[in-house]
Amino acid sequence: MADHESHSLESHTHDPHIVPLDAMHRALGARMVDFAGYAMPVQYEGIIAEHLHCRAHAALFDVSHMGQALLTGPDSASALERVVTGDITGLKPGRQRYTLLMNETGGIVDDLMVANTGDHLLLVLNAGRKHTDIAHIRAHLPPGVTLTPQFDRALLALQGPESGAILQSLIPEIAGMRFMDIITVTSLGARMTITRSGYTGEDGFEIGLPAERAEALATALLTDARVKPAGLGARDSLRLEAGLPLYGNDIDETTSPIEAGLGFAIGKRRKITWDFPGGATVRAAFESGPARKLVGLRAEGRAPVRHGASLHTLSGTPTGIVTSGTFAPSLDAPIALGYVHPDHAGDGTPLQTTLRGRTVTLHVAPLPFVPHRYAR
């Protein structure tokens, strides 16, 4: 899921909030930036090194800027369904689901994770959207259902092919967890929730715990030589290789789930009733096709094209816009996401843009750029 929302990792605000591991990040040599209202590490030893280490071994990300919240009360699942696209009443205890929070025009207010812990629902919201999300959800809740923010809790993400073995050596209870499972355990003196998902395309875990216990967990994980700290820079390049959208770049309140390729986040049962905000609009796009499509793009040369670059056909017809772009360390090549007219969305279609005054050719490419390796 998208976890940070800005057109730049250098989105400046005044007096940023401090994450629980701030002192540790600085001690580890992190370069800190103001991001989504928080002082966050963008890199430690370097984005490419951190990216490749995550693909080969395991990387530890601090994502405590994201918003954790509890939804409690009778029929809380059906209450949440009033504003999201997913089948939440069918979400079994111990399982998590990716879903979309919708507005009345069929646009995406946010993309989020919802987990069923057994006695409540745990929501994980994007950093720059969490206050908007809380207000939007609360406005649709019936009496007796309560949404309680837990924005003071820490959230750490351990990602990479060796993350399972590493975490199991520390917390044996995670053995047997599958992709999108959630468990609650007490370990290292803390009550914590652990999900097995991720925003890198690799196997991985997200661990929510009290802020005061975060450093003990991070220290224990970083003691393992297979784990290195990684910042927002590598997180962005990893998610883009995995073809995962970033809120504020690739999706926003004007975006339909269908044009963004997120139709899978609409539950099968919900596609019968379409009974969520903007459902009729989304249904029309689902049945007749969207006016534009989000596609992968491979650029010729070495220079990445960036957010906001306009796209046109070889004959000069405008067709769309780049929403995210970066250099992909795993592919040693530039990649991008962008919206184009459906007629120009076929794999291999050549398109062009302008980069620093010169014409660059791109080709539509299948997503993801790098295969997902989740623990299915």
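Scroll up for the structure.
Residues numbered from 1 in each chain as written. Predicted model: local features only at pLDDT ≥ 70, side-chain atom pairs only at ≥ 80, totals over all residues. Heavy atoms only, no water.

With respect to topology, 5 strands assemble into an open sheet ordered β6-β7-β8-β5-β9, the strand pairing being antiparallel. Strands with a single pairing partner mark the edges of an open sheet, and in this sheet they are β6 (95-102) and β9 (146-149). Pairs of neighbouring strands in the sheet enclose a mean axial angle of 25°, with direction left out of account. Where helix α4 (residues 130-138) meets the sheet, its contacts fall on β5 (67-72), β6, β7 (108-116), β8 (121-125) and β9, and the angle it forms with β9 comes to roughly 165°. (Pairing = 2+ DSSP bridges. Helix = DSSP H or I, 4+ residues; strand = E, 2+ residues; numbered from the N terminus. Axes fitted to C-alpha atoms, helices over the stretch in contact; angles between N-to-C directions. Contact = heavy atoms within 4.5 Å.)

This structure, assessed with the given rule, holds 3 cavities of 30 Å³ or more. In this structure, the largest cavity is lined by 19 residues; those nearest its centre are M113, V124, L155, S197 and E206. Among the secondary structure elements, those contributing two or more residues to the lining of the largest cavity are β8, β10 (154-159), β12 (190-195) and β13 (204-209). The element that contributes the greatest number of residues to the lining of the largest cavity is β13, accounting for 3 residues. Partitioned by chemical class, the residues of the lining of the largest cavity number 10 nonpolar, 7 polar and 2 charged. The space that makes up the second largest cavity amounts to roughly 70 Å³. Along its surface, the second largest cavity is lined by L21, M24, H25, L28, Y44, L60, F61, D62, L156, A218, L222 and P229. (1 Å grid on protein atoms, 1.4 Å probe; cavity = no way out; pocket = protein on both sides within 12 Å on 5 of 7 lines; lining within 4 Å. Points joined across faces, edges and corners; volume = space filled by probe spheres on them. Nonpolar A, V, L, I, M, F, W, Y, C, P; charged D, E, K, R; others polar.)

A few words now on the sheet that holds strand β11 (residues 182-187). If you walk across this open sheet you meet the 6 strands as β11-β12-β13-β10-β4-β14, and the pairing is mixed. For this open sheet the edge positions go to β11 and β14 (227-229), each flanked by a neighbour on one side alone. Along the sheet, successive strands turn relative to each other by an average axial angle of 25°, direction set aside. Packed onto the sheet, helix α6 (residues 214-222) meets β4 (58-62), β10, β13 and β14 and runs at close to 15° relative to β10.

If you want to describe how two helices pack, look at the angle between their axes and the distance between the axes. The interhelical angle for the contact between helix α2 (residues 47-56) and helix α7 (residues 232-241), taken along N-to-C directions, is 55°, at an axis separation of 8 Å. Between α2 and α7, the interaxial angle falls into the category oblique. Here α2 runs over α7; the crossing is right-handed. Contact residues: I47, E50, H51, C54 and R55 in α2; G233, A234, S237, L238 and E241 in α7. Classifying every residue of the contact of α2 with α7 gives 4 nonpolar, 3 polar and 3 charged. (Parallel < 35°, antiparallel > 145°, perpendicular 65-115°, else oblique. Left-handed = near helix turned anticlockwise from the far one by under 90°.)

Evaluated as defined, the whole model comprises 4 aromatic pairs. Seen from their ring centres, Y98 and F264 are 5.8 Å apart, and the 20° between their planes marks the pair as stacked. On the criterion of sequence distance, the pair formed by Y98 in strand β6 and F264 in the loop between α7 and α8 (270-273) is long-range, its members being 166 residues apart. Pairing W274 with F286 gives two aromatic rings, centres 5.4 Å apart and planes at 50°, and the pair type is tilted. On the criterion of sequence distance, the pair formed by W274 in the loop between α8 and α9 (279-288) and F286 in helix α9 is long-range, its members being 12 residues apart. Of the residues examined, F286 reaches a relative accessible area of 41% and is grouped as partly exposed. Put simply, the rings of W274, F276 and F286 touch in pairs and so form one group of aromatic residues. Of note, R235 hangs over the ring of F61, and the distance from its end group to the ring centre comes to 5.4 Å. The ring of Y339 is capped by R292, whose NZ or CZ atom sits 3.9 Å from the centre of that ring. (Phe/Tyr/Trp six-rings, centres within 6.5 Å; stacked < 30°, edge-to-face > 60°. Buried < 20%, exposed > 50% of the residue type's maximum accessible area, 1.4 Å probe, protein only. Lys NZ or Arg CZ within 6 Å of the ring centre and 35° of its normal.)

Moving on: the environment of E287. The residue E287 is located in helix α9 in this model. A relative accessible area of 55% means that E287 is categorised as exposed.

Looking along the chain, the bond that leaves L367 and enters P368 is cis, with omega of -5°. With respect to the helices, strands and loops of the structure, P368 is situated in the segment after β20 (358-365). In this structure, L188 is a non-glycine residue whose phi angle is positive, near 50°. Secondary-structure assignment places L188 in the loop between β11 and β12. Using a relative accessible area of 33% as the deciding quantity, one classes L188 as partly exposed. A positive phi angle, close to 50°, is found at R356, a residue other than glycine. By the secondary structure assignment, R356 is in the loop between β19 (350-355) and β20. The class of R356 is exposed, set by a relative accessible area of 70%.

Another point: the packing of helix α5 (residues 163-170) against α6. Contact geometry of α5 with α6 gives a least axis separation of 10 Å together with a crossing angle of 120°. With respect to their mutual orientation, α5 and α6 come out oblique. Taken as a pair, α5 and α6 cross one another with a handedness that is right-handed. Seen from α5, the contacting residues are I166, L167 and L170; seen from α6, they are L217, A220 and L221. Of the residues belonging to the contact of α5 with α6, the class tally is 6 nonpolar, no polar and no charged.

It is worth spelling out the layout of surface pockets at this point. Taken as a whole, the largest pocket encloses approximately 960 Å³ of empty space. Going through the elements one at a time, β6, β7 and β15 (293-299) are the ones with two or more residues in the lining of the largest pocket. Ranked by residues supplied to the lining of the largest pocket, first place goes to β6 with 4 residues. Of the residues assigned to the lining of the largest pocket, the class counts are 21 nonpolar, 9 polar and 10 charged.

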